[in-house]
Structures are given as C-alpha cells and as structure tokens.
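Coordinate analysis (summary)
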Amino acid sequence: GPAVEFSADAGMWNVYGHPELHEVLGDPAAFSSDTMRVVPASMMPSKDDFSLDGFITQIDPPEHGKLRKLVSSAFTRKVVADLEPRIAALTHELLDAARDRERFELVSDLAYPLPVIVIAELLGVPSGDRALFKRWADALFQSDAKVSVNRPSDEREAELQAVMKPWKEMSDYLAGHAAQRRRQPRADLLTRLVEAEVDGERLPDDQVVNFAILLLLAGHITTTMLLGNTVLCLDAYPEQQDRARADRASIPAVIEEALRLFTPFAALGRATTREVKLGGVTIPADQMVMCWLGAANRDPRQFPDPEAFDPHRDPNPHLAFGRGIHFCLGAPLARLEGRIALNILLDRFERLRTDPDDPVLFIPTPTLTGVRRLAL
Ligand code: HEM
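First, a word on what this report is: a plain description of the structure on this page. (Residues numbered from 1 in each chain as written. Predicted model: local features only at pLDDT ≥ 70, side-chain atom pairs only at ≥ 80, totals over all residues. Heavy atoms only, no water.)

Focus on the pairing of strand S6 (residues 267-272)
- Strand direction decides the pairing type here: strand S3 (residues 31-32) and S6, joined by two bridges, are antiparallel. Residue Ser32 lies in a different strand from S6, and its bridge partner there is Ala271.
- For S6 and strand S9 (residues 288-292), the ladder comprises five bridges, and the chain directions are antiparallel. Bridging across to S9, Leu268 finds its partner in Cys291. (Pairing = 2+ DSSP bridges. Helix = DSSP H or I, 4+ residues; strand = E, 2+ residues; numbered from the N terminus.)

Re helix H13 (residues 251-261)
- Summarising burial for H13: nine of the eleven residues are buried, a large majority.
- For H13, the full list of buried residues reads Ile251, Val254, Ile255, Glu256, Glu257, Ala258, Leu259, Arg260 and Leu261.
- Check the buried side of H13 and you find it contacts helix H11 (221-236), helix H12 (238-246) and helix H15 (331-348). (Buried < 20%, exposed > 50% of the residue type's maximum accessible area, 1.4 Å probe, protein only. Contact = heavy atoms within 4.5 Å.)

Side note on the coordination of the iron atom of the ligand
- Exactly one donor from the protein chain reaches the iron atom of the ligand: Cys328 (SG), at 2.2 Å.
- Among the secondary structure elements, Cys328 is positioned in the loop between helix H14 (293-296) and H15. (Donors = N, O, S within 2.8 Å, 3.2 Å for Na, K, Ca; no water.)

As for the packing of aromatic side chains
- In the structure shown here, the tally under the stated rule is nine aromatic pairs.
- Members of the aromatic cluster, connected to one another through ring pairs, are Phe133, Trp136 and Tyr173.
- Stacked on the ring of Phe303, the Lys or Arg Arg260 has its end atom at 5.1 Å from the ring centre.
- One cation-aromatic arrangement involves Arg298 over Phe262; the distance from NZ or CZ to the ring centre is 5.7 Å. (Phe/Tyr/Trp six-rings, centres within 6.5 Å; stacked < 30°, edge-to-face > 60°. Lys NZ or Arg CZ within 6 Å of the ring centre and 35° of its normal.)

Considering the pattern of salt bridges
- Overall, the coordinates contain 28 salt bridges when judged by the stated rule.
- Among the salt bridges present, the one from Asp96 reaches Arg348, with a minimum N-O distance of 2.8 Å. Here Asp96 is found in helix H4 (residues 84-98), whereas its partner Arg348 is found in helix H15, with 252 residues between them in sequence.
- On the accessibility criterion, Asp96 (33% relative accessible area) is partly exposed.
- A salt bridge links Glu256 to Arg335, with the nearest nitrogen and oxygen atoms 2.8 Å apart. Here Glu256 is found in helix H13, whereas its partner Arg335 is found in helix H15, with 79 residues between them in sequence. (Salt bridge = Lys/Arg side-chain N within 4 Å of Asp/Glu carboxyl O.)

Regarding the site of the ligand
- The local shell around the ligand holds 28 residues, among which His64, Arg68, Arg270, His326 and Cys328 are the closest.
- One of the side-chain N or O atoms of Arg68 is found 2.7 Å from an oxygen atom in the ligand.
- Every element with two or more residues in the shell around the ligand is listed here: helix H2 (63-74), helix H10 (205-219), H11, S6 and H15.
- No other element matches H10, which puts five residues into the shell around the ligand.
- When the residues that make up the shell around the ligand are grouped by side-chain class, the tally is 18 nonpolar, eight polar and two charged. (Near = heavy atom within 4 Å. Polar contact = N/O pair within 3.5 Å; in protein donor to acceptor, adjacent residues only side chain to side chain. Nonpolar A, V, L, I, M, F, W, Y, C, P; charged D, E, K, R; others polar.)

Some remarks on the nonpolar core
- Leu110, Leu114, Leu123, Phe133 and Leu174 are the most contacted members of the largest nonpolar core, which has 94 residues in total.
- With ten residues, the top contributor of residues to this core is H15.
- Filtering out sequence-adjacent residues up to four positions away, Phe133 remains in contact with Val116, Ala120, Leu123, Val125, Tyr173, Leu174 and Leu216.
- One finds Val24, Leu25, Ala30 and Phe31 within the second-largest nonpolar core, a separate group that totals 17 residues. (Core = buried A, V, L, I, M, F, W, Y, C linked by side-chain atoms within 4.5 Å.)

Observations regarding the pairing of strand S2 (residues 12-15)
- Inspection of the sheet shows strand S1 (residues 4-7) paired to S2 by four bridges, in the antiparallel sense. Looking across to S2, one finds that Val4 is bridged to Val15.
- The loop that links S1 with its antiparallel partner S2 comprises four residues; one of these, Gly11, has a positive phi angle of about 65°.
- When S2 meets S9, the two strands line up parallel, connected through three bridges. The residue of S9 that forms the bridge with Asn14 is Met290.

A word on the packing of H13 against H15
- As a packed pair, H13 and H15 sit with axes 10 Å apart at the nearest point and diverge in direction by 115°. Judged by the inter-axis angle, H13 sits roughly perpendicular to H15. Relative to H15, the crossing made by H13 is right-handed. Facing H13, whose interface residues are Ile251, Pro252, Val254, Ile255 and Glu256, H15 presents Arg335, Gly338, Arg339, Leu342, Asn343 and Leu346.
- In terms of residue class, the contact of H13 with H15 is built from six nonpolar, two polar and three charged. (Axes fitted to C-alpha atoms, helices over the stretch in contact; angles between N-to-C directions. Parallel < 35°, antiparallel > 145°, perpendicular 65-115°, else oblique. Left-handed = near helix turned anticlockwise from the far one by under 90°.)

What about the side chain of Thr224?
- By the secondary structure assignment, Thr224 is in helix H11.
- Judged by relative accessible area, which is 2%, Thr224 ranks as buried.
- Those residues in contact with Thr224, other than ones at most four positions away along the chain, are Val107, Ala111, Tyr112 and Pro115.

See below:
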C-alpha cells in the first residue's frame with residue numbers, strides 16, 4: 001500500500017513507510033508531539049480532569065530538551081544497570097510462586113507483574129504499596145478502551161470520571177511521596193528526580209509526578225508485551241529458540257527482532273505545524289498524523305522478507321522505541337528486563353512451547369501489539 005495516505009473517515013493522515021517515518025520522527029519542528037493543538041475542543045477533557053498535557057512525550061523543543069536533560073540526569077543508564085540483580089531475583093520469585101500451578105500463564109504470572117514491581121521499586125514506593133500500583137496499572141490500562149469519543153457527552157463524562165479517579169489517586173500518592181523525599185532524601189529515583197538540577201534548573205513538583213506516572217504508563221504494558229511477544233516468536237521458530245538457548249549472547253538480537261515484528265506501541269501521534277511534503281504527498285498544516293511504527297517495521301523496502309522472524313538482521317533499524325528527540329528513555333530498562341527474564345525462562349523451561357489447548361490471545365487494541373494470554 002501507499003507509504004502515506006489520508007483517511008477521510010478518521011480525518012487524519014497515516015504514515016506507514018519506514019523512510020517516511022524516519023523523516024517524521026526526525027523533524028519535530030514540522031511534526032509536533034503536542035497533538036492537543038489539533039484535537040477539537042469538544043473532544044478535550046474538561047479542565048479539572050487529568051490529561052497528558054505537560055507530559056514529556058507531548059512537549060516540543062525547546063522545552064522538551066530541558067525537561068529531558070533533567071529527567072535523564074536522574075534516570076541514568078547506571079541506575080538501570082544496577083537493577084540487574086533485583087530484576088533476576090524478582091523473576092525467580094514470580095516463577096517460584098507459579099511453580100505449583102497446573103498451568104503457567106506467561107502474562108499474568110510474569111510479564112505483567114514484573115515491570116510494574118520494577119518501576120514501583122525503582123521509584124522507591126514502599127513494597128507494601130505494590131498492590132496499589134498494580135491496581136492503578138490495571139485501571140489505567142482497562143480505561144484505555146473505555147473512553148469513547150462518539151458517545152453522548154453525559155455518558156462520556158461519566159466514563160471520563162471513572163477513568164480519572166485512579167489517575168488522581170496516583171498523582172496524589174506520588175505527590176505525597178515526592179514532598180516527603182524533599183524533606184527526607186532516600187536512595188531512590190523519586191529522590192533523584194526531586195534533587196535533579198541542570199543549568200541551575202530543577203523539576204517542579206508536578207513534573208516529578210508526571211514523570212513518575214509516565215514511567216508506569218510507558219514502561220509497564222510495553223515491557224509486558226515485549227516479553228510475551230518474544231516468547232511467542234521463539235515458540236514459532238524452534239530453531240531460533242535452540243540458537244538462543246545455546247548462544248545467550250544472541251538474546252539481545254532476539255529481543256530487537258521481536259520488537260520489530262511485534263511492535264508494542266504500534267502507533268504514535270504527531271501534528272503538522274506547517275504544510276509538509278512527505279513521500280510524494282503534501283500534508284497541510286494542523287493535521288493529525290498517525291505514525292504506524294508497526295507498519296514501518298515491516299516495510300519491505302527496509303526489511304527484506306519482513307514477515308519472517310530473523311534475529312540475524314544486521315543492522316535492524318526498527319522504530320519500536322521511536323527515533324530522535326523523544327527516543328524511548330526506558331529502552332535500556334526494557335532491554336534489560338527482556339534479557340534477564342528470557343535468560344531465566346530458558347534456564348527454567350526445557351522448552352518454551354505454547355500450550356496447544358490454550359490459545360494465545362492478543363490485546364484487542366489496534367495501536368497495541370502484544371499477547372495478553374500465553375500459556376506454556
Ligand atoms: C518514549 C516505546 C519501555 C519510558 C517512547 C517512545 C516509544 C516507546 C515508541 C517514543 C514516543 C514518541 O516519540 O512519541 C517503548 C517500548 C517499550 C518501552 C516499545 C518496551 C518494550 C519503556 C520503559 C520506560 C519507558 C520501560 C520507563 C520505565 C519512556 C519515556 C518516553 C518514552 C519516559 C518519553 C521520552 C520523551 O518524550 O522524550 N517509548 N517504551 N519506556 N518511553 Fe518507552
């Protein structure tokens with residue numbers, strides 16, 4: 001199909017091609033992340049509601065650069081690398097807890113709980129509050145499908161209220177902890193965020209809370225999908241599973257290829273700030289542009305035999321973590337969790353093979369690509 005096309009039904013543009021998306025993501029001046037600018041006022045949540053406004057993912061240069069420097073000075077590669085032993089211990093703990101069960105279900109037994117526990121511990125919330133975090137995570141993900149814009153406005157208002165409740169609870173909770181860390185620093189990410197300082201600037205409290213929430217939003221279910229999708233690929237390609245088992249150093253390449261073939265965040269939104277030419281078509285100013293990362297990752301112009309799972313693609317310039325100034329800040333953590341969990345699964349399961357009597361289920365949301373049930 002075409003690399004760029006207008007969808008009259010949705011009133012927005014779709015970009016499917018790899019070189020075209022490369023261009024879009026590399027040009028934040030023409031393709032803004034502040035998509036609210038093109039959303040009709042009637043679709044906006046009311047002022048008191050929580051919105052993604054103010055999140056780093058929605059912010060353009062030059063403010064984006066300042067914010068990104070500050071959060072990355074707290075959420076460093078070293079902070080992530082130091083988590084390795086803890087992630088391994090948690091993986092074993094979760095697998096032990098599921099050991100006596102008749103059936104091991106990868107998503108609920110490991111892939112869903114692991115990232116949310118890691119994020120909660122990283123931030124430094126008390127382990128007794130893990131259950132709260134899990135509840136908010138559950139509520140936020142379920143809510144995704146529930147707010148429907150084409151409903152009567154009173155119904156939509158009720159839906160919105162139900163959706164906003166966990167957001168509100170969570171931001172109040174995190175704001176409380178952030179304030180507490182200002183008074184009493186600890187060895188955790190919340191403390192590093194409240195103390196972060198770059199060029200004399202610090203993060204305001206609401207940005208500390210926003211970033212903490214974003215870690216859960218952007219870093220939880222995506223990592224869940226990464227784990228499930230990787231196991232799915234190794235189930236479908238037993239010879240690749242054998243190779244990964246024999247050569248553990250190849251696991252990172254296995255994970256990258258699973259990210260390409262089953263791209264967790266299949267689509268990102270951008271808004272044009274001016275008229276732009278892309279892939280031979282002209283997109284006017286102030287248009288919503290859907291960036292289909294999942295489609296670009298299967299573009300045959302970039303990836304020969306794109307539907308095949310081939311961890312030996314080299315290079316593998318997939319766009320699963322985005323590209324450019326908004327490139328996923330959590331990529332090192334997602335890759336680390338994937339590598340550790342997959343290694344331990346290979347150690348503990350003689351064969352990773354899906355149960356033929358228990359079909360694999362996918363998340364039914366078009367912008368997400370991931371298994372939600374995978375029994376071994
Ligand atoms: C940004 C994907 C895991 C935190 C992004 C973007 C993508 C992405 C595509 C770019 C968004 C854009 O350009 O609009 C993924 C995938 C993951 C993953 C596929 C797992 C396999 C994580 C984790 C964390 C995280 C584990 C943190 C704990 C972030 C943050 C941003 C981001 C903070 C915003 C960066 C910015 O706007 O400058 N992610 N992500 N992600 N991700 Fe991830």
